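Observations on the model geometry
Residues per chain are reported as follows:
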Amino acid sequence: MKDGKNAASATKKQRSIVVMCCIVYFISYITRKNYAAIIVEFVNDTGIAIDSASLALAGHAIFYGVGQLLSGYLGDKISPKLLIACGLFTTALMNIFLPLCSGVALLTAVWCVNGLAQAMMWPPIVKILSSTFSSSDEYKKATVKISNSSMIATVLLYLLSPVCITYSGWQIIFYVAGALAAVMAFVVLLLMPEVSDETDARPQKTDTENKAQTSLGIKFPFVLFGLIMIAIVLQGMMRDGVADWLPTYLENEFAISSQVAILLGVAPPIFAMLCFELVSFLSRKVVKNEMTFAGVIFAVSFVSSCALAAFSSSSVALSTILSTLVTGSMHGVNLILICLIPPYFKKTGRVSLISGILNSCTYIGSALSGYGFAVLAKLFGWRGTIIGWAIICGIATIICLALVKKWQSFKSCT
């Protein structure tokens, strides 16, 4: 009976942790994606050139990527919930400051700091989940729930932004987001449970154990890990680049209003939620090699990008559907390479750091696409940009499929 009570108590704690992490990640996306959601209207309202306005997106992604490394390191050293709370406080301030910025330089600086603040969320969340769940399947289910919370936030942004723009202006979106983040920071500090990490309490190693660890370090799959990082960079370029520039592409190609273009941006995150569920189910029940799965999904995105390039100016509906398929596929790859891979490194005691390194690669790609796709569109038009998307997906497909055997060999040793 006592064991039953302990199990029930553990389950209740696990559920509360997942709920808190979902809310944190929801607010993280509200305070992160709002600028990209309204950039079309922002450009129209302020008169700032689109490539200048996109500097804030690129800077945000760069600082987010660099911050992932710092956050990943700190997540293995200090309380994860303290790190999350600091990130929420900082992003609250930056969101409130952004509408007050008077020039491109200040705007970019504020959003760069916001990128650094946002980096304090995901690695600690992965650390919390890996410490909370011993079952791989339960961990995967939890990551899907948290990932879906980010998509729900994105959907709400794209649904509510046109309403806010029409009745109150784009500025109100940042003020509301900042207030939500500030409140949640206090909630995290007061209510989020602490998690135990057995690696933090490990005894001092003997000389023999230290030599063994050194030997293990030599066997770390550096080439494999490096190529996975490249694949993640390419995934980040496609996931964020296509989603962030979709409203602008639709407005430019089909001469629709900015409000309608923003509203159509709701399609990718809705489809992404379906992709999360499908990828999670298949990874638990069918496909056991993450590289095989990622390669197949990249191939789907490659085919979709080719079709989009061929019919880029045919209709709003077809362009939206194909773009949605591309971004949804990339969210599936993100779940595989960012969420499912770090636990395989749990024995190193550096899950947070590994998570931070991998997630930083996503935002290196995001930074490249945030400014790079705007430049490509300016030089070669949207059809040329979309051909670039197809090339990116093709390269990523080749990388992932080439790593299938190496990844399976590594998994068998962990």
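This structure is a prediction, so every number in the text was calculated from the model and none was measured. (Residues numbered from 1 in each chain as written. Predicted model: local features only at pLDDT ≥ 70, side-chain atom pairs only at ≥ 80, totals over all residues. Heavy atoms only, no water.)

**A few points about the overall build of the protein**
Helix and strand counts for the protein stand at 15 helices and zero strands. Whereas a compact globule of 414 residues would reach a radius of gyration of roughly 22 Å, the protein reaches 21 Å, a difference of no more than 12%. Taken along its principal axes, the extent of the C-alpha atoms in the protein is 65 × 45 × 40 Å. By residue count, 55% of the 414 residues in the protein fall in the buried class. (Helix = DSSP H or I, 4+ residues; strand = E, 2+ residues; numbered from the N terminus. Rg over C-alpha atoms; globule rule 2.2 N^0.38 Å. Buried < 20%, exposed > 50% of the residue type's maximum accessible area, 1.4 Å probe, protein only.)

**Considerations on the packing of aromatic side chains**
Considering all chains together, one arrives at twelve aromatic pairs under this definition. When the ring of F42 is compared with that of W170, the centres are 5.1 Å apart and the planes differ by 80°; the resulting orientation is edge-to-face. Of this pair, F42 sits in helix α1 (residues 2-46) while W170 sits in the loop between α6 (136-167) and α7 (171-191), and the two are 128 residues apart along the sequence. The exposure class of F42 is buried, given its relative accessible area of 5%. (Phe/Tyr/Trp six-rings, centres within 6.5 Å; stacked < 30°, edge-to-face > 60°.)

**Digging into helix α14 (residues 351-402)**
Residues spaced three or four apart along an α-helix point in a common direction, a consequence of the helix completing one turn every 3.6 residues. Along its 52 residues, α14 runs just 25 Å from first to last C-alpha, ending more than 12% under the 76 Å computed at 1.5 Å per residue. Of all bends in α14, the biggest is about 125°, found at F380. (Expected span 1.5 Å × (residues − 1). Bend = angle between axes of the 7 residues up to and from the residue.)

**A word on the confidence of the model for the protein**
Mean pLDDT over the protein: 83, with 91% of residues reaching 70 or higher. Within the protein, helix α3 (residues 80-97) carries the highest mean pLDDT (95), whereas helix α8 (residues 207-218) carries the lowest (43). Of the regions scoring below 50 in pLDDT, residues 198-218 engages in nine contacts with residues more than four places distant in sequence or in other chains. (pLDDT = per-residue confidence, 0-100. Contact = heavy atoms within 4.5 Å.)

**Concerning the packing of α3 against helix α5 (residues 122-132)**
Between α3 and α5, the least distance of the axes is 9 Å, while the angle of their chain directions is 155°. With respect to each other, α3 and α5 are oriented roughly antiparallel. Where α3 crosses over α5, the handedness of that crossing is left-handed. Between α3, through P80, L83 and I84, and α5, the contact on the second element is made entirely by P124, I125, K127 and I128. Taken together, the residues of the contact of α3 with α5 break down into six nonpolar, no polar and one charged. (Axes fitted to C-alpha atoms, helices over the stretch in contact; angles between N-to-C directions. Parallel < 35°, antiparallel > 145°, perpendicular 65-115°, else oblique. Left-handed = near helix turned anticlockwise from the far one by under 90°. Nonpolar A, V, L, I, M, F, W, Y, C, P; charged D, E, K, R; others polar.)

**A short note on the pattern of salt bridges**
Side-chain pairs of opposite charge can arise whenever the charged atoms involved come near each other. Within this structure, the stated rule accounts for four salt bridges. Of the charged contacts, one joins K33 and D240 as a salt bridge, the two residues approaching to 3.8 Å between their closest N and O atoms. With K33 in helix α1 and D240 in helix α9 (residues 222-254), this residue pair connects regions lying 207 residues apart in the sequence. A relative accessible area of 11% places K33 in the buried class. Put simply, K141 and E138 hold a salt bridge, and the shortest N to O gap is 3.9 Å. With K141 and E138 both in helix α6 and three residues apart, the pair spans about one turn of that helix. Take K141: its relative accessible area is 37%, and that puts it in the partly exposed class. Sharing partners across several salt bridges, the network here consists of K33, R239 and D240. (Salt bridge = Lys/Arg side-chain N within 4 Å of Asp/Glu carboxyl O.)

**With respect to a nonpolar patch on the surface**
Taken together, L93, I96, F97, L100, I172, Y175, V176 and L180 make up a surface patch of nonpolar side chains, about 670 Å² in accessible area. Per-element accounting of the nonpolar patch gives the leading share, four residues, to α7. Given the relative accessible area of 45%, L93 is considered partly exposed. (Patch = residues over 30% accessible without salt bridge, like charges linked within 9 Å, V, L, I, M, F, W, Y side chains within 5 Å. Areas by Shrake-Rupley, 256 points an atom, 1.4 Å probe, with all protein chains shown as cover.)

**Points about the packing of α6 against helix α11 (residues 267-285)**
It is the contact of α6 with α11, at a shortest axis distance of 8 Å, that shows an interaxial angle of 175°. Classified by the angle between their axes, α6 and α11 sit roughly antiparallel to one another. Across from D137, K140, K141, V144, S147, N148, M151, I152, T154 and V155 in α6, the residues of α11 making contact are P269, I270, A272, M273, F276, E277, S280, S283 and R284.

**Observations regarding the side chain of T154**
By the element assignment, T154 lies in helix α6. In this structure the side chain of T154 is engaged in a polar contact, spanning 2.9 Å, whose partner is the backbone oxygen of S150. Beyond its immediate stretch of four places on either side in the chain, T154 contacts Y29, K33 and P269. (Polar contact = N/O pair within 3.5 Å; in protein donor to acceptor, adjacent residues only side chain to side chain.)

**What about the side chain of S360?**
With respect to the helices and strands, the residue S360 is situated in helix α14. The class of S360 is buried, set by a relative accessible area of 5%. When residues no more than four places from it in sequence are discounted, the contact partners of S360 are G65, Q68 and L69.

**Observations concerning the nonpolar core**
Counting 122 residues, the largest nonpolar core has Y35, L88, W122, I125, V188, I228 and L337 as its most contacted members. A per-element tally of this core places α1 first, with 18 residues. Apart from residues no more than four positions distant in its own chain, L337 is found in contact with A231, I232, M291, A294, P342 and L358. (Core = buried A, V, L, I, M, F, W, Y, C linked by side-chain atoms within 4.5 Å.)

**Here we look at helix α4 (residues 104-118)**
Under the 1.5 Å per step criterion, the end-to-end length of α4 is 21 Å for 15 residues, consistent within 8% with the ideal 21 Å. Those residues of α4 that sit buried are L107, T108, V110, W111, C112, N114, G115, A117 and Q118.

**Some details on the environment of M184**
Secondary-structure assignment places M184 in helix α7. Sequence separation between M184 and I399 is 215 residues, and the spatial gap between their C-alpha atoms is 40 Å. M184 has contacts with M20, I23, V24, I27 and L88, leaving out every residue within four places of it along the chain.

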